[in-house]
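Chain and residue survey
Given next are the chains, with one letter for each unit.
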Amino acid sequence: MEQAIYQELPAERMEEIEGLFAEIRKEFKGRADELIPMLQRVQRALGFLPEQALLEIARLTRLSAARVFGTATFYAQFRFQPVGKNIIRVCRGTACHVKGSNRILETIEEHLQVTPGQITPDGLFTIETVACFGSCALAPIMVVNDSVYGSLNRSRALKLLDEIRVREEGLFK
Amino acid sequence: MDFTLIKERAEKNWKALENLRQPLIQIGMGTCGKAAGADEVYAAAKQTLKQMNLLGRILQVGCIGTCYLEPIMAVRKPGGPFIYYGNLTAKRAEDILLSYLRDGDPKPEWAVCFTGEGPVDGIPRFEDLPMIKPQVRIALRNCGIIDPENIEHYIARGGYSGLMRALQMNPEEVVQEIKDSGLRGRGGAGFPTGMKWEFARKAPGQTKYIICNADEGDPGAFMDRSLLEGDPHSVLEGMLIGAYAIGCNEGYIYIRAEYPLAIKRLETALKQMREYGLLGRNILGSGFGFEIHIKEGAGAFVCGEETALMASIAGGRGMPLSRPPFPANKGLWGNPTNINNVETLGNVSAILAQGAKWFAGFGTEKSKGTKTFALAGKVERTGLIEVPMGIRLKEIIHEIGGGVAKGKKVKAVQTGGPSGGCIPADLFDLPVDYESLTAAGSIMGSGGMVVMDEETCMVDIPRYFLSFTADESCGKCIPCRLGTRQMLDILNDICGGKGTIEDLEILKDVSETVQKGSLCGLGQTAPNPVQTTLRYFHSEYEAHILGKKCEAGVCKPLFHYEIDPETCNGCGVCSKKCSVGAVTGEKKKSHSIEPDRCTKCGACYEACKFHAVHIC
Ligand SMILES: Cc1cc2nc3c(=O)[nH]c(=O)nc-3n(C[C@H](O)[C@H](O)[C@H](O)COP(=O)(O)O)c2cc1C
Ligand code: FES
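None of the values given here were measured: they were computed from a predicted structure.

Quick look at the interface of chain A and chain B
- Facing the 40 residues of chain A at the interface are 58 residues of chain B.
- Taking both sides of the interface into account, the surface hidden between chain A and chain B amounts to around 3,500 Å²; carbon and sulfur atoms contribute 54%.
- Broken down residue by residue, the surface that chain A buries against chain B is led by A:Phe74, A:Thr94 and A:Val98, which jointly contribute 18%.
- Counting across the chain A and chain B interface gives five salt bridges.
- Here B:Glu606 ties to A:Arg154 by a salt bridge, and the two come within 3.0 Å at their closest N and O atoms.

Some thoughts on the site of ligand 1
All names here are of chain B.
- Near ligand 1 you find 18 residues, and of these Gly-187, Lys-196, Asn-213, Asn-341 and Thr-344 are the closest.
- A distance of 3.1 Å separates an oxygen atom of ligand 1 from a polar atom in the backbone of Gly-304.
- For ligand 1, an oxygen atom lies 3.0 Å from a polar atom in the side chain of Asn-340.
- A total of 610 Å² of accessible area belongs to ligand 1 in isolation, and the protein chains cover 89% of it.

Points about the environment of A:Val143
Residue and element names in this part refer to chain A.
- Relative to the helices and strands, Val-143 resides in strand β3 (residues 142-144).
- Sequence spacing of Val-143 and Ile-17 is 126 residues, and the spatial spacing of their C-alpha atoms is 28 Å.
- Once residues lying within four places of it in the same chain are set aside, the contact partners of Val-143 are Ile-87, Ile-88, Arg-89, Phe-133 and Val-148.

Examining the packing of helix α9 (residues 223-230) of chain B against helix α10 (residues 232-246) of chain B
All names here are of chain B.
- One can describe the packing of α9 onto α10 by two numbers: an axis separation of 5 Å at closest approach and a directional angle of 95°. It follows that α9 is roughly perpendicular to α10 by the angle criterion. Judged by residue contacts, Leu-227, Leu-228, Glu-229 and Gly-230 of α9 engage Pro-232, Ser-234 and Val-235 from α10.
- A per-class count over the contact of α9 with α10 returns four nonpolar, two polar and one charged.

Some words on the domain arrangement of chain B
- On domain assignment, one finds that chain B holds domain 1 (17-126), domain 2 (160-360), domain 3 (370-453), domain 4 (460-545) and domain 5 (560-615).
- A separation of 35 Å is found between the C-alpha centroids of domain 3 of chain B and domain 5 of chain B.

Examining the sheet that holds strand β7 (residues 250-255) of chain B
All names here are of chain B.
- What the four strands build is an open sheet, ordered β8-β7-β6-β9; its pairing is parallel. Of all the strands in the sheet, the pair left with one neighbour each is β8 (291-296) and β9 (337-341). Each neighbouring strand pair of the sheet contributes to a mean axis angle of 20°, computed without reference to strand direction.
- Relative to β7, strand β6 (residues 209-214) runs parallel, the two being bridged by six bridges. Following the sheet pairing, Ile-211 is matched in β7 by Tyr-252.

Concerning the sheet that holds strand β1 (residues 86-91) of chain A
All names here are of chain A.
- The strand order across the open sheet formed by four strands is β2-β1-β3-β4, and the pairing between neighbours is mixed. On the outer flanks of this sheet lie β2 (125-130) and β4 (147-149), each paired with one strand and no other. Between one strand and the next, the sheet's axes are offset by a mean angle of 20°, whatever the strand orientation.
- Bridging between β1 and β3 involves three bridges; their strand directions are antiparallel.

Calculation criteria
- Residues numbered from 1 in each chain as written.
- Chains lettered and ligands numbered in written order.
- Predicted model: local features only at pLDDT ≥ 70, side-chain atom pairs only at ≥ 80, totals over all residues.
- Heavy atoms only, no water.
- Contact = heavy atoms within 4.5 Å.
- Buried area = accessible area lost by both parts, 1.4 Å probe.
- Salt bridge = Lys/Arg side-chain N within 4 Å of Asp/Glu carboxyl O.
- Near = heavy atom within 4 Å.
- Polar contact = N/O pair within 3.5 Å; in protein donor to acceptor, adjacent residues only side chain to side chain.
- Areas by Shrake-Rupley, 256 points an atom, 1.4 Å probe, with all protein chains shown as cover.
- Helix = DSSP H or I, 4+ residues; strand = E, 2+ residues; numbered from the N terminus.
- Axes fitted to C-alpha atoms, helices over the stretch in contact; angles between N-to-C directions.
- Parallel < 35°, antiparallel > 145°, perpendicular 65-115°, else oblique.
- Nonpolar A, V, L, I, M, F, W, Y, C, P; charged D, E, K, R; others polar.
- Domains from an automatic or database assignment.
- Pairing = 2+ DSSP bridges.

Below, the structure is given as structure tokens:
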């Protein structure tokens with residue numbers, strides 16, 4: 001079965017969305033030019049854009065749902081599926097490409113058994129690609145959550161992933 | 001507040017810093033520095049000062065440009081020069097501080113260079129480094145030298161005096177000054193900035209806008225990020241000057257969301273400008289008022305294009321419009337709008353402070369001033385550089401960049417990103433100016449410069465760019481939407497070993513159609529990577545199609561790895577690195593690769609210290 005493009009936030013997280021929109025109503029006036037900042041605000045809080053949030057934004061801005069969904073899907077930044085606890089972003093910019101970033105990406109894909117945009121079954125990782133982080137002098141670049149790592153090679157990339165796994169599993173115990 | 005008073009105070013504080021009676025440490029904390037581990041170095045420096053019971057100050061500065069040496073720390077003893085150290089670890093930073101500040105030994109063997117009073121035994125002067133010598137810093141004048149979060153540093157080094165001068169001139173005179181300087185847009189197209197301002201100034205309308213384009217969508221470029229992170233006020237001052245010249249009171253900075261540090265630095269800078277009366281209704285009592293808003297992009301390359309950018313600010317899909325009408329007449333919300341690139345504005349503030357004549361003294365007849373480049377790829381010294389226009393490519397690649405890694409051959413340099421082209425090594429005599437690069441089939445672009453060596457495949461490169469442009473095409477016009485896809489399909493075939501020689505004709509034909517028929521600059525320039533490689537590297541296309549060979553070892557179906565039995569000494573590293581068990585052999589005996597198992601991941605090739613693994 002093909003996966004739906006949009007997903008709803010599960011019922012147990014509904015409170016989160018209500019709290020978030022209470023804040024959004026205070027922070028924004030509901031003008032059309034606030035649409036993208038609003039989408040960014042929701043994604044920053046929830047990690048992705050659930051269907052209910054997109055519809056709520058349409059109501060707030062009085063834009064059609066088609067306009068809101070159309071704008072959101074136009075931009076690469078927005079996600080419509082939940083993400084893993086850790087977001088691994090591999091740069092696919094020119095400098096990184098020339099320095100072999102595709103090999104790093106392949107190695108990570110193989111190691112985690114997911115492709116960009118997907119989440120690992122244990123929910124620990126999502127991998128994504130990015131056009132360029134602007135740290136090309138230190139190519140190849142990978143960003144783990146908010147930390148940027150430069151001059152990577154395959155084994156350092158895998159080591160970074162393993163360190164996270166160890167840390168996370170330690171937390172669970 | 002009066003600007004003379006502000007300036008006096010800033011200068012006094014700057015002098016106090018220069019005459020500081022304690023050690024002063026500068027650490028490059030731009031994104032590059034942080035990526036290389038500057039945070040750990042910062043923590044170590046702080047801890048070491050404490051451990052020695054020294055008061056000392058640590059300053060976080062922007063990028064000085066020698067990114068390949070990150071993390072970088074500069075140390076100054078009271079009254080002494082700054083000594084720079086590179087490629088630091090926390091431990092090395094601690095050792096240096098203990099040795100220099102406690103024992104008086106600056107450890108020349110670890111130092112890179114010094115600035116200020118010299119000479120220092122065994123350490124070269126910063127300006128004499130081969131990477132720095134050919135450079136001229138105008139846009140980057142303060143990067144790596146001041147604390148970008150301290151407006152007084154900027155003011156003490158001459159900041160906002162250009163604005164003060166402008167406010168005493170007529171707006172028309174300011175426009176004329178920029179025209180006289182010969183400044184051309186640094187965002188790619190190279191349109192004369194003064195002329196553009198004049199259009200917007202003369203356009204009828206009450207409400208006008210100025211926009212700073214900080215989208216920097218070209219993958220492989222980071223000049224604008226570094227400038228915004230290292231010296232945000234130089235850009236903001238340029239924006240104010242532009243606004244005054246055009247006659248507008250509201251401006252936007254459109255910046256990509258991938259640059260969180262630059263956004264933070266801009267926010268801090270705007271707050272400080274407000275505190276100092278440099279933003280708001282009545283700037284320094286001149287009667288001129290101006291407000292700036294920050295808009296974060298959301299990851300669409302086409303939004304760097306002017307009309308798409310404005311559609312995005314207005315909250316919609318970033319789809320370009322055909323022109324005329326030009327933004328100067330009908331831009332943001334239908335009002336006259338002027339859009340300038342970050343670096344253009346960074347130059348504007350310098351021109352107003354130092355005069356058009358001074359600026360026009362740099363560069364060539366038609367390309368005045370300097371250009372920053374993000375030098376990356378297969379060069380030894382990667383980093384952010386600023387060179388006078390007219391410098392030859394070979395000076396940039398060989399002198400500044402130090403050439404490619406030992407034993408490798410440089411093949412080409414790519415300028416202008418997805419809109420630019422690949423210039424082969426035998427044309428490196430070419431001067432860097434707008435016209436020469438265009439004549440060679442590439443463009444100046446915004447400043448991405450990626451060096452390629454023999455392990456870069458010149459069919460894979462256009463394929464890489466086309467997969468980018470096909471992905472980023474907004475889909476509005478057919479030549480771009482379908483043409484980029486068509487070119488990509490053909491290139492995929494060729495790289496996959498399924499290309500035919502007729503494909504090259506079709507490729508050429510489609511590329512011309514896309515170039516001529518597309519609505520905006522994205523489509524019009526997307527064929528450049530294809531056309532330049534067809535022009536300069538035709539033999540590589542033929543080798544892929546007729547010989548079924550990718551000599552660079554990039555296109556997987558067109559090469560394989562072999563171990564040379566003569567060179568292999570059986571150390572076994574390759575077989576350990578192989579994750580699929582394709583490399584076999586007894587210890588101390590030469591190894592071999594099983595072609596059926598090998599996934600051509602290249603791990604053995606990279607791991608072999610004896611270069612016994614060959615691309616065949
Ligand atoms: C597809 C596309 C992407 C662009 N991206 C950028 C960009 O990231 N930054 C930039 O300054 N200009 C970019 N430009 C050029 C701008 O449209 C515009 O010409 C420039 O910002 C004008 O400023 P300038 O005259 O100061 O160079 C792009 C153009 C196109 C067609
Ligand atoms: S190309 Fe990877 S950071 Fe720019």
